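Breakdown of the fold
These are the residues of each chain, in order.
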Amino acid sequence: GLVESHIPRSNTITPSSLCVIFASYASLSFVYATPNQKYSNRNGVFHHNDFIGKEFGVKVPSRCSDGFVYIMRPTVELWAHSLNHRTQICHPLDQSVVTLNLHLKPGSIVLESGTGSGAMSHALSRAVAPNGKVWSYEFNKVRAETANEEFKKNGVDNICTCEHRDVCGEGFGESCGDGGADGIFLDLPEPWTATEHALRKLRPDGRLCSYSPCIEQTQRFVKTLSDSCHSVMTIEVRLKEFCVDTLPALPMEISMPFYYGTEKVDKARKDKVKAEEERKKKEAEEGEQPKRKKIRTRPAAEMRGHTAFLTFATKSVPLK
Ligand code: SAM
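Residues numbered from 1 in each chain as written. Predicted model: local features only at pLDDT ≥ 70, side-chain atom pairs only at ≥ 80, totals over all residues.

Thoughts on the site of the ligand
We count it as follows: To decide whether a residue is near a molecule or strand, its C-beta atom is placed from the backbone and checked for lying within 6 Å of it. A run of H or I in DSSP counts as a helix once it spans at least four residues, and a run of E counts as a strand once it spans at least two, with each numbered from the N terminus. Asp, Glu, Lys and Arg are counted as charged, while Ala, Val, Leu, Ile, Met, Phe, Trp, Tyr, Cys and Pro are counted as nonpolar; the rest, among them Gly, fall into the polar class.
Surveying the vicinity of the ligand reveals 22 residues, the closest of which are Gly 114, Gly 116, Ala 119, Met 120 and Phe 139. Listed by contribution, the elements that provide at least two residues to the shell around the ligand are helix H3 (119-128), strand E8 (133-138) and helix H5 (167-170). In the shell around the ligand, the residues fall into 10 nonpolar, 8 polar and 4 charged.

Focus on the domain arrangement of the chain
To keep things clear, this is the line we draw: Domain boundaries shown here were taken from an automatic or database domain assignment. A pair of residues counts as a contact when their C-beta atoms, built from backbone coordinates, are within 7 Å of each other.
We note that the domain assignment places domain 1 (18-74) and domain 2 (80-239 + 305-315) within the chain. Distance between the C-alpha centres of domain 1 and domain 2: 33 Å. Counting residues at the interface gives 6 residues for domain 1 and 4 residues for domain 2. Of all the elements in the fold, those that place two or more residues in the side of domain 1 that touches domain 2 are strand E1 (18-24) and strand E2 (27-32). Looking at which element gives the most residues to the side of domain 1 that touches domain 2, the answer is E2, with 4 residues. Its residues placed into classes, the side of domain 1 that touches domain 2 shows 5 nonpolar, 1 polar and no charged.

Let's talk about the sheet that holds E8
Quick note on the threshold: Strand pairing is assigned whenever DSSP detects at least two bridges linking the two strands. Lines fitted to the C-alpha atoms define the axes, with helices restricted to the stretch that makes contact. Angles between their N-to-C directions range from 0 to 180 degrees.
Strand order in the open sheet formed by 7 strands is E9-E8-E7-E10-E11-E15-E12, and the pairing between neighbours is mixed. Lying at the two open borders of the sheet, with one neighbouring strand each, are strand E9 (160-164) and strand E12 (229-236). For this sheet the average axis-to-axis angle between neighbouring strands, irrespective of direction, equals 15°. Both E12 and strand E15 (residues 309-315) contribute to a ladder of 6 bridges, which runs antiparallel. Bridging from a neighbouring strand, Thr 234 pairs with Thr 311 of E15. Most of the contacts of H3 go to E8, to which it runs at about 165°, and overall it touches strand E7 (109-113), E8, E9 and strand E10 (181-186).

Section: the nonpolar core
This is how the line gets drawn: Think of a nonpolar core as buried Ala, Val, Leu, Ile, Met, Phe, Trp, Tyr and Cys residues, each tied to the set through C-beta atoms within 7 Å. Exposure classes come from backbone-placed C-beta atoms, where a residue is buried if 20 or more other C-beta atoms lie within 10 Å of its own, exposed if 12 or fewer do, and partly exposed in between.
Core analysis: the biggest nonpolar cluster contains 67 residues, and Val 110, Leu 124, Ile 184, Phe 185 and Cys 209 have the highest contact counts within it. When we break this core down by domain, the ones giving at least three residues each are domain 1 (18-74) and domain 2 (80-239 + 305-315). What Phe 185 contacts, discounting residues up to four positions off in sequence, is Val 98, Leu 102, Val 110, Glu 112, Met 120, Leu 124 and Cys 209.

What to know about helix H2 (residues 92-101)
Which entries qualify depends on this criterion: Picture the helix axis, draw a direction to every C-beta atom, and the arc is the one those directions span.
Those residues of H2 that sit buried are Asp 94, Gln 95, Val 98 and Thr 99. Looking straight down H2, one finds that the buried residues subtend no more than 130° of arc, so they occupy a single side. Next to the buried residues of H2 lie H3, E10, strand E11 (202-212) and E15. Phi turns positive, to about 60°, at His 103, one or two residues after H2.

Here it is as structure tokens:
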């Protein structure tokens with residue numbers, strides 16, 4: 001299955017394998033390999049027969065143009081990028097912060113609502129595999145059915161089950177007994193209406209997390225925790241990517257005007273400045289020279305913005 005990364009898996013694409021289709025970094029989709037089927041995108045038309053029996057990672061040429069795609073072995077992260085978005089989803093960056101801070105590990109029992117597009121369900125399933133359990137709840141019937149179909153096709157259904165249920169109105173059902181959950185994840189528009197139900201299912205010392213895009217939702221949720229939880233923490237996760245580039249050197253990198261440190265460092269810097277002055281003099285004599293370049297890191301121009309606030313809390317242990 002998609003989430004059992006600790007089990008050696010075949011690297012060969014076989015009929016019904018889940019295949020992530022990489023057209024570009026911004027364009028990922030998926031197919032279940034089916035003999036005699038075709039997949040088309042703006043890169044061209046791709047015949048499943050051209051990659052069935054090959055190794056994952058294979059580059060497949062289009063049969064009608066000079067375009068190509070790569071067939072990738074699925075991971076939870078690639079799945080989040082390629083799945084059909086039926087709702088807003090929890091992206092891999094938030095997923096990893098949630099699974100870490102819920103203290104999930106193989107064997108954990110975790111409850112989740114709503115299931116939405118199932119992106120988070122896959123991340124939770126991987127964290128608790130192979131012997132843990134994810135009970136996911138969704139009050140939209142079609143979404144609940146679609147999620148269960150996908151869990152089956154992706155080989156996650158032994159770990160994750162979606163139940164059609166309104167957790168705010170009816171609570172979390174009988175799937176795990178009261179006090180039986182190690183962790184609970186809420187991605188709901190009104191999480192404060194589910195707090196009482198969630199705390200009933202959580203074991204003492206268990207961890208609860210709620211994911212909300214607005215600070216007002218977060219504040220309202222936090223208020224409902226005060227009597228029964230401790231270690232309440234709200235964080236916002238931002239992705240800041242740095243890229244490595246070769247750019248013209250800045251003047252300060254060439255002639256450092258400050259001298260500090262040991263004699264040796266001072267001398268090295270003075271020598272550098274002297275060498276630079278000489279180079280400039282020579283350059284002026286010989287006419288314009290190409291600018292000196294330097295490898296440097298800098299933040300990527302495009303930075304992923306705010307997704308949501310993540311609130312974590314630990315259920316208090318009752319005093320004896
Ligand atoms: N975390 C999911 C993912 O990563 O794919 C996305 C969840 S989506 C933003 C929120 C879902 O909660 C929607 O599918 C909605 O139908 C469901 N929902 C809203 N209120 C609910 C309730 N009271 N009980 C169960 N599900 C509910």
